[in-house]
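Notes for the structure review
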Amino acid sequence: MTSRKRPQLLGFWMCVALVVGNSIGSGVFLLPASLAPYGLNSVIAWGFTGCGALLLAIVFAQLSRAFPQAGGPYAYVNLAFGPFTAFIVAWGYWISIWVGNAAIATGAVSYLSPLMPWIVTVPGASAGVTLFFLWLLTFVNCYGIKASGWVQSVTTVLKLLPLVAISALGLFAVRGTTVAAASAIPLSVSGTTAAATLTLWALLGLESATIPASKVNDPSRIIPRATLLGTLITALICILACTTVLLLVPPATLASSNAPFVDLASHYWGTIAGKTLAVFAAISGFGALNGWILLQGELPNVMAKNGVFPRIFARDSARYTPTFALLFSSGLVSLLILMNYQRTMVSVFTFMILLSTTACLVLYLLCSLSLLRLQWSGQMPRQRGRIVPLAIVGVITTTFSLWAIVGAGREAVLWGGVLLLLGAPLYFLVRNDARLA
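Residues numbered from 1 in each chain as written. Predicted model: local features only at pLDDT ≥ 70, side-chain atom pairs only at ≥ 80, totals over all residues. Heavy atoms only, no water.

To continue, consider the confidence of the model for the chain. As a note on interpretation, predicted positions should not be read in detail where pLDDT is low. Looking at the chain as a whole, its pLDDT mean stands at 83, while 88% of the residues score no less than 70. Mean pLDDT values over the elements of the chain span from 57, in helix H9 (residues 176–182), up to 92, in helix H4 (residues 73–81). (pLDDT = per-residue confidence, 0-100. Helix = DSSP H or I, 4+ residues; strand = E, 2+ residues; numbered from the N terminus.)

As structure tokens, then:
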């Protein structure tokens, strides 16, 4: 009998690419249109969310260093609060992934519309193109994690090029008149809070490297470093690029744009530059979709192996990939895309990111509380010589997560709560079946 060859493991730079690539997708390229109604409130919001994301990265870095287990957040919450709480959090996070994948794919296809206008004009064309790329990348992930890692690395490098170029443009083109146009919308606490929830979408994914921990080389060393560096790169690029678009594109034009970065590049550098940027934006979205597809398969696979998800999700292929989990999750994404294709691309994007962000924020909240609980119980190693104790970081990120959840709005919180509660019957059903088996 021949044994299967173990798959190649992800290294440091592939893990950095997973963090950066999952965070910077179609979201950052469509986000200025969603932020247009908030004006300079969004600039303040970027400051809050950027600092919050970096502190959350510290939380995940410390948890992954102490507990380098597959499933990442699921494992941390399980250790701190037990299997039921861990399941509910992971269930909500899994939902946030495949709901978010529909938004990411929609945004990526939106950026192809300047090159292929028929995507917008032909009924159902956008949904068809979106489904094509979704399943293409699903099969890449089914082939093996190394193939997915290479796709992630290449697309991450490509997506950073136009964002760096736009950020550089902002340093030279932003003037007092452009700031004055954006400042026509008054500053307010409610506006900043609402904008913060949207900006946080562009920074979601900082936990990405923690989930496939069993497929990372030396996870206790690589995952924390990759998480911190990846989050820092993401925050800087997103803040500079999105703020540049906000200040240089008129608010009325920005609010109605399906491709605000393309509009900006076309205005300053010409039509060819705009179309070129559209290609890079689409690549960025599809690269993020590739990384999140990886996670939408890995997470239910780990949960099933821990006995809290249907056993069929625990199946691995000969290449150690969770094929059934990948195919099933992409099937759910496909249904969501088909159900929403009649809405405009930006409205679909905005609703999906609010719903997905809310579910993901619950995970950030519970992981922050897990850090505090594990420290209190003595399971976390003592951190000597640190300027800021981890307990303070945990309290800040807990408060930040609660604040962002409130900012998501009543509708998103309501739907997010319903989706979380739907997981409870599944948990008890699976656990009962496991006891009877």
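Having seen the model, we can carry on.
Attention shifts here to the pattern of salt bridges. Per the counting criterion, the structure on display carries 3 salt bridges. Among the salt bridges present, the one from Glu 298 reaches Lys 215, with a minimum N-O distance of 2.6 Å. Of this pair, Glu 298 sits in helix H14 (residues 271–305) while Lys 215 is found in the loop between helix H10 (189–201) and helix H11 (219–248), placing the two residues 83 residues apart along the sequence. According to the relative accessible area criterion, Lys 215 is buried, its value standing at 10%. Ionic pairing is found between Asp 316 and Lys 305, a salt bridge with its closest N-O pair at 2.7 Å. One end of the pair, Asp 316, is in the loop between H14 and helix H15 (323–340); the other, Lys 305, is in helix H14, and 11 residues separate them in sequence. (Salt bridge = Lys/Arg side-chain N within 4 Å of Asp/Glu carboxyl O. Buried < 20%, exposed > 50% of the residue type's maximum accessible area, 1.4 Å probe, protein only.)

On to a nonpolar patch on the surface, then. There is a patch of nonpolar side chains on the surface, built from Leu 414, Trp 415, Val 418 and Leu 422 and spanning about 400 Å² of accessible area. Here Val 418 lies in helix H18 (residues 410–421). Note on Val 418: relative accessible area 35%, which makes it partly exposed. (Patch = residues over 30% accessible without salt bridge, like charges linked within 9 Å, V, L, I, M, F, W, Y side chains within 5 Å. Areas by Shrake-Rupley, 256 points an atom, 1.4 Å probe, with all protein chains shown as cover.)

This part takes up helix H1 (residues 12–23). Taking 1.5 Å as the rise per residue, H1 with 12 residues should run 16 Å; its terminal C-alpha atoms sit 17 Å apart, in good agreement. Counting buried positions over the 12 residues of H1 gives 11, a clear majority of the element. Buried within H1 are the following residues: Phe 12, Met 14, Cys 15, Val 16, Ala 17, Leu 18, Val 19, Val 20, Gly 21, Asn 22 and Ser 23. Packing partners of the buried residues in H1 comprise helix H8 (145–173), H11 and H14. (Expected span 1.5 Å × (residues − 1). Contact = heavy atoms within 4.5 Å.)

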